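Given next are the chains, with one letter for each unit.
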Amino acid sequence: MGAVAAGASGLLSLPVQAQDVPPGVVFLMDNSEAMQNYPQSLPEVFTPGWYAANKVPAVPVTPKGDQGSEGSAGLAMDTGCEDPALVAAMSWFDKNSVDPAKNGSIPYDSDSDLKSPFFDPNKFYFSRGRRLAWNVKEGWFTINGNNFAGPLYSYGDILSVCYASVGWDLTDYPYGSVDSPLMTECRACLASKGWWRGPIVTPTTQATNPSGAGPLKELDEPPLPPEAFRKWVLSGRVLNVRPPRFVVARKALKDVISSVTNVRMGVATFGEDHGWFDPPAMLEKLRPTCDQSYPTFNDEALNRSRLRHAVNEVKFNNNERSIGEALFGLGGYFSSQVADNRWGYWFQQPVNPGDFGWPGCCNGGTYDNPYTGQPGYFWGVAAQEWLKPPYADPYTDKVLPGQPWEGTGYDKSVCNASQSNNIIVVSAGAPRSDNSVPITKMMDILKANGARHPDGSLLTFNPIDPELNPNVGGVNYCHLFGTTKEACDYADYNWPIGHGVGNKNFMDDVAFFLSHTDLRSDMPNSQTVRTFVVGYGDSSPMLQSIALAGRGSFFRADRPDTLREALLFAVGQSANLCSAP
């Protein structure tokens, strides 16, 4: 297939090509906070007894921030860069190696569209054990607020970055005639190794110096790992060898956008909080427009730089991973709503879900949030819940774009009855807080159309009394991936959820609906949408169930090269499949 071949060989495409009907591919990028994490957390290992045997001799006046004691930056326990266990655990990086893959001398992503390189090998950055420091939750900060395109906060000299890492507190960490042993250690480590493991935040730090502490656990998120509280200072070289997930995923997707040929492409991500249903953020609709796509494909009209810029604009700070809600919203985008109100005809309230335990107006609802107390009785009952219009907050002037639709004229999601329509999801984990979709209405439509599971059996669904009904039906293929259906009814730190055993999470139901339902009544053939899933460092059964339900494929990628290859392969598969079931 041309798309994969071009990606593998690096061949440049011609500006205008006469080819088959190009597929439409929307890349749905995970923008959850977890994308800030490193693929592997920085190590918390230590050699028993090593620190006691190698303790730095006491100075005439020992500051309270010295090794083994607690200062304003945290508890100086197991700090440094010489502990044999720690050195071994960090051996994937070697600043003195001649290999750039080990010494990090080349920025991982030097895209000129970004406001700073990711990362400058001659700079030093603040970090925690799990992710770069972020000033919304974790100070001292490297990523400033919501700007994930940069510029990154960094220092060019060792002395400044060491003292900045402890908030320039010269009382707890003196500088001068009585130098802080901890700061001496920091400077020596950065000079010799390029990294320093610093103090760890404790409840005392949180209470006495909140600006230099964090992160604080949200009520509805699981307990934070110890690595979240450990402070580090890292050379940009370290980060170039093992960047955060969002840097790797962003670069891989831009590489794919730069290389595939004869494919209409768009970029979306999970939407911001918009009440119950959070429509996806459509950062760039499918390009090129229909008149530039077929019978000749105008590569210049694809405007790859604009698509890459959309990827760079993703803000990785969403506290949800709403794959199902995003898929539902993208289904609306691929539908013929603008032409004939098809989506509105299906999903205008009331959808009458049938019983307590399902979302929608006006006889559904769920239990209150066990973590925050948020009421669940009115789950998805707003008049325009499933067709959300744009909304401007009168107090902040912030605008939420609402449900995305295709445009008019040539600005269509589907240009040709033979176009293959696809969504490629890139996710670092299983969906979370992701069930506000009109599942009962989708199941009604599927049952009326005689939809069948992959094994040929008819889809069944019964919404009545879900808590006592042993088989509500619907879609759940998690038992095919090394676990049980009930394992995908996960509820911990995941609200709202349904009440029916075997179908409490609805993301795979949405993918099934898109792949088994004709979303357009304004053109021949059955215009369905397939869903492919790339699990970045994750192969959760739910992700695999979504891909199977969506008539796509699942790929797990643990390294940058395999992530890029998985994306290319998914694009290749999308081009070789028609939309009709």
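Thresholds, definitions, all that
Position numbers for residues start from 1 in each chain and track the written sequence from start to end. Per-residue local features are limited, in this predicted model, to residues with pLDDT of at least 70; the limit for side-chain atom pairs, both in listing and counting, is 80 or more; totals at the level of whole chains, interfaces and linings are taken over all residues. Where side-chain values are given, they derive from all heavy atoms of the structure, hydrogens and water being excluded. Whether a residue is buried, partly exposed or exposed follows from its accessible area with a 1.4 Å probe, protein chains only, as a fraction of its type maximum: under 20%, in between, or over 50%, in that order. A run of H or I in DSSP becomes a helix once it reaches four residues, and a run of E becomes a strand once it reaches two; helices and strands are each numbered from the N terminus. We call two residues in contact when some of their heavy atoms are within 4.5 Å. As used here, the term nonpolar core means buried Ala, Val, Leu, Ile, Met, Phe, Trp, Tyr and Cys residues forming a set that is joined through side-chain atoms within 4.5 Å. Here an angle of 0 to 180 degrees is reported between the N-to-C directions of two axes, which are lines fitted to C-alpha atoms, with helices fitted over the stretch in contact. Note that the term roughly parallel is reserved for angles under 35 degrees, roughly antiparallel for angles over 145, roughly perpendicular for angles of 65 to 115, and oblique for everything else. Should the near helix be turned anticlockwise from the far one by less than a right angle, the crossing is left-handed, and should it be turned clockwise, the crossing is right-handed. Following DSSP output, two strands are said to pair if at least two bridges run between them. Three categories are distinguished: nonpolar for Ala, Val, Leu, Ile, Met, Phe, Trp, Tyr, Cys and Pro, charged for Asp, Glu, Lys and Arg, and polar for the others, with Gly belonging to the last. A pair of sulfur atoms, both from cysteines and within 2.5 Å, is called a disulfide here.

> Help me understand helix H15 (residues 439-448), please; the structure alone is not making it clear to me.
One turn of an α-helix holds 3.6 residues; hence residues three or four places apart share an orientation. Those residues of H15 that sit buried are Ile439, Thr440, Met442, Met443, Ile445 and Leu446. On its buried face, H15 is in contact with helix H12 (323-334), helix H14 (342-347) and helix H16 (507-516). Gly450, located one to two residues past H15, shows a positive phi value of around 70 degrees.

> Hey, could you run me through the nonpolar core in this one?
Most often, soluble globular proteins have nonpolar side chains that are buried together. Core analysis: the largest hydrophobic core is formed by 77 residues, its most contacted members being Phe27, Met183, Trp195, Ile424 and Leu563. In contact with Ile424, not counting residues within four places along its chain, are Val25, Val26, Phe27, Leu28, Phe532, Val534, Leu567, Ala570 and Val571. Counting 57 residues, the second largest nonpolar core, distinct from the first, contains Trp276, Leu327, Leu330 and Ile423.

> Got a minute to help me understand the packing of helix H5 (residues 158-165) against helix H6 (residues 181-192) in this structure?
Contact pair H5 / H6: the axes reach a minimum separation of 9 Å and the direction vectors enclose 130 degrees. Between H5 and H6, the angle falls in the class oblique. Relative to H6, H5 is oriented so that their crossing is right-handed. Contact with H5, carried on its side by Ile158, Leu159, Val161, Cys162 and Tyr163, involves Met183, Cys186, Arg187, Leu190 and Ala191 of H6 and no other residues of that element.

> Teacher, can you tell me more about the environment of Pro39 here?
Within the element layout of this structure, Pro39 appears in the loop between strand S2 (24-29) and helix H2 (50-53). Relative accessible area serves as the criterion here: at 24%, Pro39 is assigned to the partly exposed category. For Pro39 and Arg559, which are 520 residues apart along the polypeptide, the C-alpha to C-alpha distance reads 8.6 Å. If sequence neighbours within four positions are ignored, Pro39 has contacts with Arg242, Pro243, Pro244, Arg245 and Tyr536.

> I would appreciate a short explanation of the pairing of strand S5 (residues 124-128) in the present structure.
The side chains of a regular strand alternate between the sheet's two faces. Among the five residues of S5, five are classified as buried, and the element is accordingly described as predominantly covered. Residues Phe124, Phe126 and Arg128 line one face of S5 and the alternating positions Tyr125 and Ser127 line the opposite face, and both faces are buried. Of the strand pairs in this sheet, S5 and strand S7 (residues 230-235) are connected by five bridges, and their pairing is antiparallel. Across the sheet, Phe124 pairs through a bridge with Ser235, a residue of S7.

> How do you make sense of the packing of H16 against helix H17 (residues 541-549) when you look at a structure like this?
Running from N to C, H16 and H17 cross one another at 15 degrees; their axes reach a closest spacing of 7 Å. Viewed along their axes, H16 and H17 adopt a mutual orientation that is roughly parallel. Between H16 and H17 lies a crossing of right-handed hand. Each of Met507, Asp508, Ala511, Phe512, Ser515 and His516 in H16 lies in contact with H17, whose residues at this interface are Met542, Ser545, Ile546 and Ala549. Along the lines of polarity and charge, the residues of the contact of H16 with H17 split into six nonpolar, three polar and one charged.

> Explain the sheet that holds strand S15 (residues 554-557) here, please?
Two orientations exist for strands paired in a sheet by backbone hydrogen bonds: parallel and antiparallel. The strand order across the open sheet formed by six strands is S9-S8-S2-S13-S14-S15, and the pairing between neighbours is mixed. In this open sheet, the two strands that pair with only one neighbour each are strand S9 (281-287) and S15. Here the average twist between neighbouring strands, direction ignored, is 15 degrees. As paired elements, strand S13 (residues 421-427) and strand S14 (residues 530-536) share six bridges and run parallel to each other. Following the sheet pairing, Ile423 is matched in S14 by Thr531. Relative to the sheet, H12 contacts S2, strand S8 (264-269), S9, S13 and S14, its axis offset from that of S13 by approximately 160 degrees. Sheet strands touched by H17: S13, S14 and S15. Its angle to S14, the strand with the most contacts, is close to 155 degrees.

> Teacher, can you tell me more about the state of the cysteines here?
One covalent bond between the sulfur atoms of two cysteine residues makes up a disulfide. Tallied over the entire structure, the rule returns five disulfides. For Cys81, the disulfide goes to Cys189, at an S-S distance of 2.2 Å. The sign of the S-S torsion, about -90 degrees, decides the handedness of the disulfide formed by Cys81 and Cys189: left-handed. Highlighted residues: Cys81 in the loop between strand S4 (74-75) and helix H3 (84-89) and Cys189 in helix H6, separated in sequence by 108 residues. We classify Cys189 as buried; its relative accessible area is 3%. Across the disulfide, Cys478 is cross-linked to Cys488 (sulfur-sulfur distance 2.0 Å). Its torsion about the S-S bond being -100 degrees, the disulfide of Cys478 and Cys488 is classed as left-handed. One end of the pair, Cys478, is in the loop between H15 and H16; the other, Cys488, is in the loop between H15 and H16, and ten residues separate them in sequence. Comparing Cys478 with Cys488, the two get one shared label, buried.

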